[in-house]
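Breakdown of the fold
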Amino acid sequence: MAFRTNAARMICNSRVIASKRAMSLLTKASTAPMLRTNTFGASATAAFKPLVASRGIKQINFGGSVETVYERADWPREKLLEYFKNDTMALIGYGSQGYGQGLNMRDNGINVIIGVRKNGASWKAAIEDGWVPGENLFDVKEAIEKGTIVMNLLSDAAQSETWNSIKPLLTKGKTLYFSHGFSPVFKDLTHVEPPKDIDVILVAPKGSGRTVRSLFKEGRGINSSYAVWNDVTGKAHEKAQALAVAVGSGYIYETTFEKEVNSDLYGERGCLMGGIHGMFLAQYEVLRENGHSPSEAFNETVEEATQSLYPLIGKYGMDYMYDACSTTARRGALDWYPVFKDALKPVFEDLYESTKNGTETKRSLEFNSQPDYREKLEAELQIIRNMEIWRVGKEVRKLRPENN
Ligand SMILES: NC(=O)c1ccc[n+]([C@@H]2O[C@H](COP(=O)([O-])OP(=O)(O)OC[C@H]3O[C@@H](n4cnc5c(N)ncnc54)[C@H](OP(=O)(O)O)[C@@H]3O)[C@@H](O)[C@H]2O)c1
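Values in this document were obtained by computation on a predicted structure and should not be read as measured data.

In the region of the ligand, 22 residues are neighbours, and Tyr94, Gln97, Arg117, Ser122 and Asp156 sit closest. At 2.7 Å, a side-chain N or O of arginine 117 approaches an oxygen atom of the ligand. In isolation the ligand has 900 Å² of accessible area, and contact with the protein removes 78% of it. Among the elements of the structure, α3 (96-107), α4 (121-128) and α6 (156-166) are those that each provide at least two residues to the shell around the ligand. It is α6 that provides the largest number of residues to the shell around the ligand, a total of five residues.

Burial along strand β8 (residues 149-152) is two-sided: the face carrying Ile149 and Met151 and the face carrying Val150 and Asn152 are both buried. In this structure, strand β5 (residues 89-92) lies alongside β8, joined through four bridges in parallel fashion. Paired with isoleucine 92 across the strands is asparagine 152, a residue of β8. Pairing of β8 with strand β9 (residues 175-178) involves four bridges; the strand directions are parallel. Bridge pairing links asparagine 152 to phenylalanine 178 in β9. In this view, the connection linking β8 to its parallel neighbour β9 by way of α6 has right-handed handedness.

Here we come to the UniProt feature "binding site: Mg(2+) 2" (unreviewed entry) in the protein. Taken from the UniProt record, the annotation "binding site: Mg(2+) 2" (unreviewed entry) applies to Asp264, Glu300 and Glu304. Checked against the element boundaries, aspartate 264 lands in helix α11 (residues 257-269). Residue classification places aspartate 264 among the partly exposed residues on the basis of a relative accessible area of 23%. Topologically, glutamate 304 is positioned in helix α13 (residues 294-316). Relative accessible area serves as the criterion here: at 15%, glutamate 304 is assigned to the buried category.

Another aspect to go through is the nonpolar core. Counting 35 residues, the largest nonpolar core has Phe84, Met89, Met105, Met151, Tyr177 and Leu243 as the members making the most contacts within it. Going through the elements one at a time, β5, α3, β6 (112-115), α4, β8, β10 (199-205) and α10 (236-246) are the ones with two or more residues in this core. For this core, the leading source of residues is α10, giving seven residues. Of all hydrophobic cores here, the second largest spans 28 residues; its members include Phe178, Val192, Val200 and Leu365.

Attention shifts here to the pattern of salt bridges. Summed over all chains, the structure comprises 17 salt bridges. Between lysine 85 and glutamate 82 there is a salt bridge whose closest N-O contact spans 2.8 Å. The network of salt bridges with common partners includes Glu268, Arg269 and Glu360.

So, on to the packing of aromatic side chains. All chains considered together, the criterion is met by 15 aromatic pairs. Measuring from ring centre to ring centre gives 6.5 Å for tyrosine 94 and tyrosine 99, while their planes differ by 80 degrees; the resulting arrangement is edge-to-face. Taking 6.1 Å as the distance between ring centres and 90 degrees as the angle between the ring planes, the aromatic pair formed by phenylalanine 298 and tryptophan 390 counts as edge-to-face. Taken together, the residues phenylalanine 298 in helix α13 and tryptophan 390 in helix α18 (residues 388-398) connect sequence positions 92 residues apart. In this structure an aromatic cluster arises from ring pairing among Trp75, Tyr83 and Phe84. Against the face of tryptophan 75 rests lysine 79, its NZ or CZ located 4.2 Å from the ring centre.

Following both chains from N to C, one finds helix α12 (residues 274-289) and α18 inclined at 90 degrees, their axes separated by 10 Å at the closest point. As judged from the angle between their axes, α12 and α18 are roughly perpendicular. Listed contacts from α18 to His277, Phe280, Leu281, Tyr284 and Arg288 of α12 are Glu388, Ile389, Trp390 and Val392.

Mapped onto the present numbering, the UniProt feature "binding site: Mg(2+) 1" (unreviewed entry) falls at Asp264 and Glu268. Residues within four places of aspartate 264 in sequence aside, it is in contact with His180 and Lys206. Aside from chain neighbours lying at most four places away, what touches glutamate 268 is Met273 and Gly274. A polar atom in the side chain of glutamate 268 sits 3.2 Å from the side chain of arginine 269.

Parameters and conventions
- Residues numbered from 1 in each chain as written.
- Predicted model: local features only at pLDDT ≥ 70, side-chain atom pairs only at ≥ 80, totals over all residues.
- Heavy atoms only, no water.
- Near = heavy atom within 4 Å.
- Polar contact = N/O pair within 3.5 Å; in protein donor to acceptor, adjacent residues only side chain to side chain.
- Areas by Shrake-Rupley, 256 points an atom, 1.4 Å probe, with all protein chains shown as cover.
- Helix = DSSP H or I, 4+ residues; strand = E, 2+ residues; numbered from the N terminus.
- Buried < 20%, exposed > 50% of the residue type's maximum accessible area, 1.4 Å probe, protein only.
- Pairing = 2+ DSSP bridges.
- Right-handed = clockwise from strand over helix to strand, strands pointing away.
- UniProt positions renumbered as here; feature names shortened; annotations may be inferred.
- Core = buried A, V, L, I, M, F, W, Y, C linked by side-chain atoms within 4.5 Å.
- Salt bridge = Lys/Arg side-chain N within 4 Å of Asp/Glu carboxyl O.
- Phe/Tyr/Trp six-rings, centres within 6.5 Å; stacked < 30°, edge-to-face > 60°.
- Lys NZ or Arg CZ within 6 Å of the ring centre and 35° of its normal.
- Axes fitted to C-alpha atoms, helices over the stretch in contact; angles between N-to-C directions.
- Parallel < 35°, antiparallel > 145°, perpendicular 65-115°, else oblique.
- Contact = heavy atoms within 4.5 Å.

See below:
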(Lines give C-alpha, C1' and ligand atoms only; values in the text may rest on other atoms or scores of the structure.)
Protein backbone atom coordinates (compact mmCIF):
# COMPACT_ATOMS: atom_id res chain seq x y z
CA MET A 1 0.00 0.00 0.00
CA ALA A 2 1.31 3.44 -0.95
CA PHE A 3 1.87 6.20 1.61
CA ARG A 4 1.25 9.86 1.05
CA THR A 5 4.59 10.52 2.66
CA ASN A 6 4.75 14.30 2.19
CA ALA A 7 1.26 14.84 3.53
CA ALA A 8 2.00 12.45 6.34
CA ARG A 9 5.22 14.25 7.19
CA MET A 10 3.46 17.64 7.15
CA ILE A 11 0.69 16.42 9.45
CA CYS A 12 3.28 14.80 11.65
CA ASN A 13 5.35 17.98 11.85
CA SER A 14 2.35 20.17 12.65
CA ARG A 15 1.35 17.72 15.40
CA VAL A 16 4.80 17.67 16.83
CA ILE A 17 4.71 21.48 16.98
CA ALA A 18 1.23 21.37 18.59
CA SER A 19 2.39 18.79 21.09
CA LYS A 20 5.56 20.78 21.86
CA ARG A 21 3.35 23.79 22.53
CA ALA A 22 1.16 21.68 24.77
CA MET A 23 4.22 20.35 26.60
CA SER A 24 5.55 23.84 27.13
CA LEU A 25 2.17 24.89 28.53
CA LEU A 26 2.17 21.80 30.73
CA THR A 27 5.66 22.52 31.98
CA LYS A 28 4.64 26.08 32.83
CA ALA A 29 1.46 24.87 34.47
CA SER A 30 3.27 22.19 36.47
CA THR A 31 5.66 24.69 38.03
CA ALA A 32 2.70 26.24 39.85
CA PRO A 33 0.58 24.16 42.25
CA MET A 34 -2.76 23.96 40.46
CA LEU A 35 -5.48 21.69 39.15
CA ARG A 36 -4.73 21.32 35.46
CA THR A 37 -7.23 20.52 32.76
CA ASN A 38 -6.14 18.81 29.60
CA THR A 39 -8.43 18.29 26.61
CA PHE A 40 -8.20 14.98 24.77
CA GLY A 41 -10.47 14.08 21.86
CA ALA A 42 -11.62 17.67 21.39
CA SER A 43 -9.78 20.50 19.66
CA ALA A 44 -6.07 19.73 19.43
CA THR A 45 -5.17 23.36 20.03
CA ALA A 46 -7.29 23.72 23.19
CA ALA A 47 -4.70 21.68 25.03
CA PHE A 48 -4.13 22.59 28.68
CA LYS A 49 -6.43 24.91 30.58
CA PRO A 50 -5.38 25.70 34.14
CA LEU A 51 -8.30 25.63 36.57
CA VAL A 52 -8.44 26.24 40.29
CA ALA A 53 -5.44 25.89 42.61
CA SER A 54 -4.74 22.43 44.09
CA ARG A 55 -1.64 20.23 44.41
CA GLY A 56 -0.56 18.84 41.03
CA ILE A 57 -3.72 16.79 40.36
CA LYS A 58 -4.91 16.94 36.78
CA GLN A 59 -8.34 16.74 35.23
CA ILE A 60 -8.50 15.56 31.66
CA ASN A 61 -11.44 15.98 29.35
CA PHE A 62 -11.59 12.69 27.46
CA GLY A 63 -13.88 13.56 24.56
CA GLY A 64 -16.32 15.41 26.81
CA SER A 65 -16.02 13.18 29.88
CA VAL A 66 -13.86 14.76 32.59
CA GLU A 67 -11.68 12.42 34.64
CA THR A 68 -9.11 13.06 37.33
CA VAL A 69 -5.73 11.51 36.66
CA TYR A 70 -2.86 11.22 39.09
CA GLU A 71 0.75 11.13 38.03
CA ARG A 72 4.23 10.36 39.20
CA ALA A 73 4.94 14.07 39.58
CA ASP A 74 2.39 14.14 42.44
CA TRP A 75 4.61 11.74 44.41
CA PRO A 76 8.28 12.71 44.29
CA ARG A 77 10.61 10.09 45.74
CA GLU A 78 11.14 11.89 49.07
CA LYS A 79 7.40 12.14 49.59
CA LEU A 80 6.91 8.45 48.75
CA LEU A 81 9.63 7.39 51.18
CA GLU A 82 8.15 9.58 53.90
CA TYR A 83 4.65 8.22 53.23
CA PHE A 84 5.73 4.57 53.44
CA LYS A 85 8.45 5.00 56.09
CA ASN A 86 6.63 2.74 58.59
CA ASP A 87 5.48 0.17 56.04
CA THR A 88 6.79 -3.17 54.86
CA MET A 89 5.43 -4.29 51.50
CA ALA A 90 4.99 -8.07 51.56
CA LEU A 91 4.87 -8.90 47.88
CA ILE A 92 3.39 -12.40 47.52
CA GLY A 93 4.24 -14.17 44.26
CA TYR A 94 7.16 -13.44 42.01
CA GLY A 95 5.83 -14.05 38.51
CA SER A 96 5.49 -11.42 35.83
CA GLN A 97 4.01 -8.65 38.03
CA GLY A 98 5.92 -9.62 41.18
CA TYR A 99 9.18 -9.23 39.31
CA GLY A 100 8.31 -5.83 37.76
CA GLN A 101 6.59 -4.24 40.73
CA GLY A 102 9.01 -5.71 43.28
CA LEU A 103 12.19 -4.53 41.59
CA ASN A 104 10.73 -1.09 40.89
CA MET A 105 9.77 -0.64 44.54
CA ARG A 106 13.20 -1.83 45.64
CA ASP A 107 14.87 0.67 43.29
CA ASN A 108 12.57 3.39 44.64
CA GLY A 109 13.98 2.71 48.11
CA ILE A 110 10.73 1.24 49.51
CA ASN A 111 10.98 -1.45 52.19
CA VAL A 112 9.82 -4.53 50.28
CA ILE A 113 10.06 -8.25 50.99
CA ILE A 114 9.06 -11.16 48.76
CA GLY A 115 6.95 -14.16 49.81
CA VAL A 116 6.94 -17.26 47.59
CA ARG A 117 6.97 -21.05 47.86
CA LYS A 118 10.38 -22.20 49.06
CA ASN A 119 12.49 -23.68 46.27
CA GLY A 120 9.82 -23.17 43.57
CA ALA A 121 10.64 -21.51 40.24
CA SER A 122 9.86 -18.06 41.69
CA TRP A 123 12.07 -18.59 44.73
CA LYS A 124 14.99 -19.32 42.42
CA ALA A 125 14.17 -16.39 40.14
CA ALA A 126 14.00 -14.03 43.14
CA ILE A 127 17.45 -15.14 44.34
CA GLU A 128 18.82 -14.51 40.84
CA ASP A 129 17.40 -10.97 41.06
CA GLY A 130 19.26 -10.32 44.30
CA TRP A 131 16.58 -11.04 46.93
CA VAL A 132 18.20 -12.70 49.94
CA PRO A 133 16.56 -15.60 51.86
CA GLY A 134 15.93 -14.64 55.48
CA GLU A 135 16.58 -10.97 54.74
CA ASN A 136 13.98 -9.92 52.16
CA LEU A 137 12.89 -13.30 50.75
CA PHE A 138 10.59 -15.56 52.83
CA ASP A 139 7.93 -18.17 52.41
CA VAL A 140 4.43 -16.80 51.89
CA LYS A 141 3.25 -17.09 55.51
CA GLU A 142 6.32 -15.48 57.03
CA ALA A 143 6.28 -12.61 54.54
CA ILE A 144 2.61 -11.82 55.22
CA GLU A 145 3.25 -11.87 58.97
CA LYS A 146 6.10 -9.38 58.53
CA GLY A 147 4.26 -7.10 56.08
CA THR A 148 1.94 -4.17 56.67
CA ILE A 149 0.82 -3.99 53.03
CA VAL A 150 0.20 -7.44 51.57
CA MET A 151 0.46 -7.35 47.80
CA ASN A 152 -1.19 -10.49 46.46
CA LEU A 153 0.53 -11.09 43.13
CA LEU A 154 0.00 -14.83 42.94
CA SER A 155 -1.58 -16.00 39.72
CA ASP A 156 -5.37 -15.51 39.86
CA ALA A 157 -5.97 -19.26 40.16
CA ALA A 158 -3.38 -19.49 42.97
CA GLN A 159 -5.05 -16.61 44.86
CA SER A 160 -8.18 -18.73 45.02
CA GLU A 161 -6.31 -21.96 45.90
CA THR A 162 -4.33 -20.37 48.74
CA TRP A 163 -7.01 -18.06 50.16
CA ASN A 164 -7.91 -20.26 53.16
CA SER A 165 -4.33 -20.12 54.42
CA ILE A 166 -3.83 -16.43 53.63
CA LYS A 167 -7.05 -14.93 55.01
CA PRO A 168 -6.34 -15.57 58.74
CA LEU A 169 -2.99 -13.76 58.37
CA LEU A 170 -4.66 -10.54 57.17
CA THR A 171 -5.07 -9.03 60.61
CA LYS A 172 -6.40 -5.58 61.52
CA GLY A 173 -4.05 -2.76 60.53
CA LYS A 174 -2.74 -4.49 57.41
CA THR A 175 -3.70 -3.47 53.87
CA LEU A 176 -4.53 -5.98 51.13
CA TYR A 177 -3.49 -5.10 47.58
CA PHE A 178 -4.36 -6.75 44.26
CA SER A 179 -3.38 -6.04 40.66
CA HIS A 180 -6.63 -7.46 39.25
CA GLY A 181 -10.21 -7.35 40.47
CA PHE A 182 -10.68 -11.02 39.54
CA SER A 183 -10.50 -12.65 43.00
CA PRO A 184 -12.81 -10.42 45.09
CA VAL A 185 -15.27 -9.52 42.31
CA PHE A 186 -15.95 -13.15 41.42
CA LYS A 187 -15.87 -14.27 45.06
CA ASP A 188 -18.70 -16.78 44.54
CA LEU A 189 -16.33 -18.66 42.24
CA THR A 190 -12.94 -17.82 43.79
CA HIS A 191 -14.06 -17.82 47.47
CA VAL A 192 -11.75 -14.83 48.01
CA GLU A 193 -13.72 -12.63 50.41
CA PRO A 194 -11.44 -9.91 51.82
CA PRO A 195 -11.79 -9.09 55.54
CA LYS A 196 -14.11 -6.12 56.10
CA ASP A 197 -11.89 -4.49 58.75
CA ILE A 198 -8.83 -3.73 56.58
CA ASP A 199 -8.18 -1.48 53.59
CA VAL A 200 -8.39 -3.37 50.28
CA ILE A 201 -7.00 -1.65 47.20
CA LEU A 202 -6.00 -2.39 43.62
CA VAL A 203 -3.37 -1.09 41.22
CA ALA A 204 -3.56 -2.69 37.78
CA PRO A 205 -0.70 -1.84 35.42
CA LYS A 206 -1.87 -1.82 31.80
CA GLY A 207 0.84 -4.15 30.58
CA SER A 208 2.96 -7.14 31.46
CA GLY A 209 5.36 -7.12 34.40
CA ARG A 210 8.28 -7.03 31.95
CA THR A 211 6.88 -3.75 30.56
CA VAL A 212 6.30 -2.41 34.08
CA ARG A 213 10.02 -2.94 34.64
CA SER A 214 11.39 -1.82 31.26
CA LEU A 215 9.41 1.46 31.21
CA PHE A 216 10.56 2.22 34.75
CA LYS A 217 14.18 1.61 33.76
CA GLU A 218 13.73 3.96 30.79
CA GLY A 219 12.64 6.65 33.25
CA ARG A 220 9.06 6.48 32.01
CA GLY A 221 6.11 4.79 33.65
CA ILE A 222 3.30 2.43 32.70
CA ASN A 223 -0.33 3.61 32.78
CA SER A 224 -2.27 1.97 35.61
CA SER A 225 -5.75 2.02 37.02
CA TYR A 226 -6.44 2.04 40.75
CA ALA A 227 -9.50 1.15 42.80
CA VAL A 228 -10.65 0.84 46.39
CA TRP A 229 -12.72 -2.09 47.70
CA ASN A 230 -12.65 -1.24 51.44
CA ASP A 231 -11.66 2.11 52.88
CA VAL A 232 -11.44 1.48 56.61
CA THR A 233 -8.78 4.08 57.39
CA GLY A 234 -10.11 6.85 55.15
CA LYS A 235 -6.73 6.83 53.45
CA ALA A 236 -7.20 3.98 51.00
CA HIS A 237 -7.41 6.19 47.90
CA GLU A 238 -4.25 8.10 48.71
CA LYS A 239 -2.45 4.87 49.63
CA ALA A 240 -3.41 3.25 46.32
CA GLN A 241 -2.25 6.28 44.32
CA ALA A 242 1.08 6.33 46.18
CA LEU A 243 1.53 2.58 45.69
CA ALA A 244 0.79 2.93 42.00
CA VAL A 245 3.71 5.35 41.73
CA ALA A 246 5.90 3.18 43.96
CA VAL A 247 5.48 0.17 41.65
CA GLY A 248 6.38 2.21 38.56
CA SER A 249 3.26 3.86 37.17
CA GLY A 250 3.44 7.05 35.12
CA TYR A 251 -0.18 8.16 35.20
CA ILE A 252 -3.00 6.59 37.16
CA TYR A 253 -6.77 6.73 36.67
CA GLU A 254 -9.51 5.65 39.04
CA THR A 255 -11.82 2.73 38.40
CA THR A 256 -13.73 0.14 40.45
CA PHE A 257 -12.74 -3.49 41.03
CA GLU A 258 -15.73 -4.57 38.90
CA LYS A 259 -14.93 -2.27 35.98
CA GLU A 260 -11.25 -3.19 36.07
CA VAL A 261 -11.88 -6.92 35.88
CA ASN A 262 -14.63 -6.70 33.26
CA SER A 263 -12.68 -4.39 30.95
CA ASP A 264 -9.49 -6.38 31.38
CA LEU A 265 -10.95 -9.83 30.69
CA TYR A 266 -12.99 -8.42 27.81
CA GLY A 267 -10.07 -6.52 26.25
CA GLU A 268 -7.60 -9.39 26.27
CA ARG A 269 -10.15 -11.74 24.73
CA GLY A 270 -11.02 -9.06 22.15
CA CYS A 271 -8.85 -6.51 20.35
CA LEU A 272 -5.76 -7.04 22.49
CA MET A 273 -5.26 -10.74 21.83
CA GLY A 274 -8.07 -13.16 20.84
CA GLY A 275 -9.97 -10.88 18.49
CA ILE A 276 -6.97 -9.62 16.60
CA HIS A 277 -5.57 -13.14 16.29
CA GLY A 278 -8.89 -14.38 14.87
CA MET A 279 -9.02 -11.51 12.38
CA PHE A 280 -5.44 -12.13 11.20
CA LEU A 281 -6.23 -15.83 10.69
CA ALA A 282 -9.45 -15.18 8.77
CA GLN A 283 -7.82 -12.67 6.40
CA TYR A 284 -4.75 -14.87 5.86
CA GLU A 285 -6.81 -17.99 5.13
CA VAL A 286 -8.94 -16.25 2.50
CA LEU A 287 -5.81 -14.91 0.77
CA ARG A 288 -4.25 -18.39 0.74
CA GLU A 289 -7.49 -19.99 -0.52
CA ASN A 290 -7.40 -17.52 -3.40
CA GLY A 291 -3.93 -18.50 -4.53
CA HIS A 292 -1.78 -15.87 -2.82
CA SER A 293 1.67 -16.99 -1.71
CA PRO A 294 2.41 -17.35 2.03
CA SER A 295 4.73 -14.34 2.04
CA GLU A 296 2.20 -12.13 0.22
CA ALA A 297 -0.60 -13.24 2.55
CA PHE A 298 1.54 -12.62 5.63
CA ASN A 299 2.86 -9.25 4.49
CA GLU A 300 -0.64 -7.96 3.65
CA THR A 301 -2.09 -9.25 6.91
CA VAL A 302 0.45 -8.98 9.72
CA GLU A 303 3.76 -7.46 8.71
CA GLU A 304 2.42 -4.23 7.26
CA ALA A 305 -0.04 -3.93 10.14
CA THR A 306 2.48 -4.33 12.94
CA GLN A 307 5.47 -2.67 11.31
CA SER A 308 3.89 0.21 9.47
CA LEU A 309 0.27 1.05 10.22
CA TYR A 310 -0.45 0.10 13.85
CA PRO A 311 2.52 2.11 15.16
CA LEU A 312 1.01 5.15 13.38
CA ILE A 313 -2.31 4.58 15.13
CA GLY A 314 -0.43 4.26 18.40
CA LYS A 315 1.59 7.40 17.92
CA TYR A 316 -0.81 9.77 16.20
CA GLY A 317 -4.30 8.21 15.98
CA MET A 318 -6.55 6.45 13.49
CA ASP A 319 -7.26 9.59 11.42
CA TYR A 320 -3.54 10.11 10.97
CA MET A 321 -3.09 6.55 9.75
CA TYR A 322 -5.89 7.03 7.20
CA ASP A 323 -4.29 10.30 6.11
CA ALA A 324 -0.94 8.62 5.64
CA CYS A 325 -2.33 6.07 3.15
CA SER A 326 -3.27 6.28 -0.53
CA THR A 327 -6.67 7.60 -1.62
CA THR A 328 -7.50 4.07 -2.89
CA ALA A 329 -6.68 2.53 0.49
CA ARG A 330 -8.58 5.23 2.37
CA ARG A 331 -11.73 4.85 0.21
CA GLY A 332 -11.79 1.08 0.74
CA ALA A 333 -11.15 1.26 4.48
CA LEU A 334 -13.83 3.95 4.94
CA ASP A 335 -16.36 1.73 3.13
CA TRP A 336 -15.46 -1.49 4.95
CA TYR A 337 -14.88 -0.49 8.58
CA PRO A 338 -18.66 -0.19 9.28
CA VAL A 339 -19.18 -3.65 7.75
CA PHE A 340 -16.60 -5.15 10.11
CA LYS A 341 -17.99 -3.19 13.05
CA ASP A 342 -21.55 -4.39 12.45
CA ALA A 343 -20.43 -7.99 11.96
CA LEU A 344 -18.26 -7.99 15.07
CA LYS A 345 -20.38 -6.00 17.53
CA PRO A 346 -22.67 -8.96 18.39
CA VAL A 347 -19.55 -11.04 19.09
CA PHE A 348 -18.27 -8.34 21.44
CA GLU A 349 -21.68 -8.15 23.13
CA ASP A 350 -21.59 -11.92 23.74
CA LEU A 351 -18.03 -11.62 25.02
CA TYR A 352 -18.90 -8.82 27.47
CA GLU A 353 -21.85 -10.84 28.79
CA SER A 354 -19.65 -13.90 29.19
CA THR A 355 -17.16 -11.79 31.13
CA LYS A 356 -19.73 -10.08 33.34
CA ASN A 357 -21.68 -13.21 34.25
CA GLY A 358 -18.54 -15.02 35.41
CA THR A 359 -18.32 -17.60 32.59
CA GLU A 360 -14.82 -16.41 31.64
CA THR A 361 -13.68 -16.47 35.28
CA LYS A 362 -15.08 -19.96 35.83
CA ARG A 363 -13.31 -21.28 32.75
CA SER A 364 -10.05 -19.62 33.69
CA LEU A 365 -10.16 -20.99 37.25
CA GLU A 366 -11.07 -24.50 36.10
CA PHE A 367 -8.35 -24.61 33.48
CA ASN A 368 -5.57 -22.89 35.41
CA SER A 369 -6.12 -24.85 38.62
CA GLN A 370 -5.38 -28.19 36.95
CA PRO A 371 -2.05 -29.66 38.05
CA ASP A 372 -1.00 -30.12 34.41
CA TYR A 373 -2.21 -26.67 33.22
CA ARG A 374 1.27 -25.63 32.08
CA GLU A 375 1.61 -28.72 29.83
CA LYS A 376 -1.89 -28.21 28.41
CA LEU A 377 -1.20 -24.53 27.72
CA GLU A 378 2.07 -25.42 26.05
CA ALA A 379 0.25 -27.93 23.79
CA GLU A 380 -2.16 -25.17 22.66
CA LEU A 381 0.67 -22.70 22.08
CA GLN A 382 2.41 -25.38 20.03
CA ILE A 383 -0.64 -25.49 17.74
CA ILE A 384 -0.30 -21.72 17.19
CA ARG A 385 3.47 -22.00 16.70
CA ASN A 386 2.85 -24.64 13.98
CA MET A 387 0.25 -22.64 12.05
CA GLU A 388 1.46 -21.72 8.60
CA ILE A 389 0.86 -18.01 9.18
CA TRP A 390 3.14 -17.85 12.22
CA ARG A 391 5.80 -20.09 10.65
CA VAL A 392 5.80 -17.71 7.68
CA GLY A 393 6.12 -14.82 10.13
CA LYS A 394 9.33 -16.26 11.49
CA GLU A 395 10.87 -16.21 8.02
CA VAL A 396 9.52 -12.77 7.12
CA ARG A 397 11.00 -11.28 10.30
CA LYS A 398 14.41 -12.55 9.26
CA LEU A 399 14.11 -10.42 6.11
CA ARG A 400 13.62 -7.16 7.99
CA PRO A 401 16.45 -4.70 7.31
CA GLU A 402 17.53 -4.70 10.95
CA ASN A 403 18.03 -8.49 10.80
CA ASN A 404 20.21 -8.47 7.70
N1 LIG B 1 0.88 -10.67 33.72
C2 LIG B 1 0.24 -9.56 33.38
O3 LIG B 1 0.40 -9.05 32.25
C4 LIG B 1 -0.66 -8.85 34.38
C5 LIG B 1 -0.98 -7.51 34.13
C6 LIG B 1 -1.74 -6.83 35.07
C7 LIG B 1 -2.20 -7.51 36.19
N8 LIG B 1 -1.89 -8.81 36.40
C9 LIG B 1 -2.37 -9.49 37.62
O10 LIG B 1 -1.27 -9.60 38.53
C11 LIG B 1 -1.43 -10.78 39.33
C12 LIG B 1 -0.20 -11.64 39.18
O13 LIG B 1 -0.14 -12.08 37.83
P14 LIG B 1 1.20 -12.62 37.17
O15 LIG B 1 0.94 -12.70 35.70
O16 LIG B 1 2.37 -11.88 37.68
O17 LIG B 1 1.21 -14.10 37.78
P18 LIG B 1 2.17 -15.27 37.34
O19 LIG B 1 3.29 -14.78 36.50
O20 LIG B 1 1.32 -16.36 36.81
O21 LIG B 1 2.79 -15.61 38.79
C22 LIG B 1 2.48 -16.73 39.41
C23 LIG B 1 3.05 -16.67 40.83
O24 LIG B 1 2.13 -17.40 41.61
C25 LIG B 1 2.86 -18.43 42.30
N26 LIG B 1 1.99 -19.59 42.48
C27 LIG B 1 1.29 -20.25 41.52
N28 LIG B 1 0.57 -21.24 42.11
C29 LIG B 1 0.84 -21.18 43.44
C30 LIG B 1 0.38 -21.90 44.57
N31 LIG B 1 -0.52 -22.88 44.46
N32 LIG B 1 0.88 -21.55 45.77
C33 LIG B 1 1.77 -20.54 45.92
N34 LIG B 1 2.23 -19.81 44.89
C35 LIG B 1 1.75 -20.13 43.66
C36 LIG B 1 4.06 -18.74 41.42
O37 LIG B 1 5.06 -19.31 42.23
P38 LIG B 1 5.90 -20.61 41.76
O39 LIG B 1 6.97 -20.11 40.85
O40 LIG B 1 6.40 -21.14 43.04
O41 LIG B 1 4.93 -21.50 41.04
C42 LIG B 1 4.41 -17.33 40.93
O43 LIG B 1 5.20 -16.67 41.87
C44 LIG B 1 -2.70 -11.43 38.84
O45 LIG B 1 -3.77 -11.01 39.65
C46 LIG B 1 -2.85 -10.90 37.43
O47 LIG B 1 -4.18 -10.93 36.96
C48 LIG B 1 -1.10 -9.48 35.53
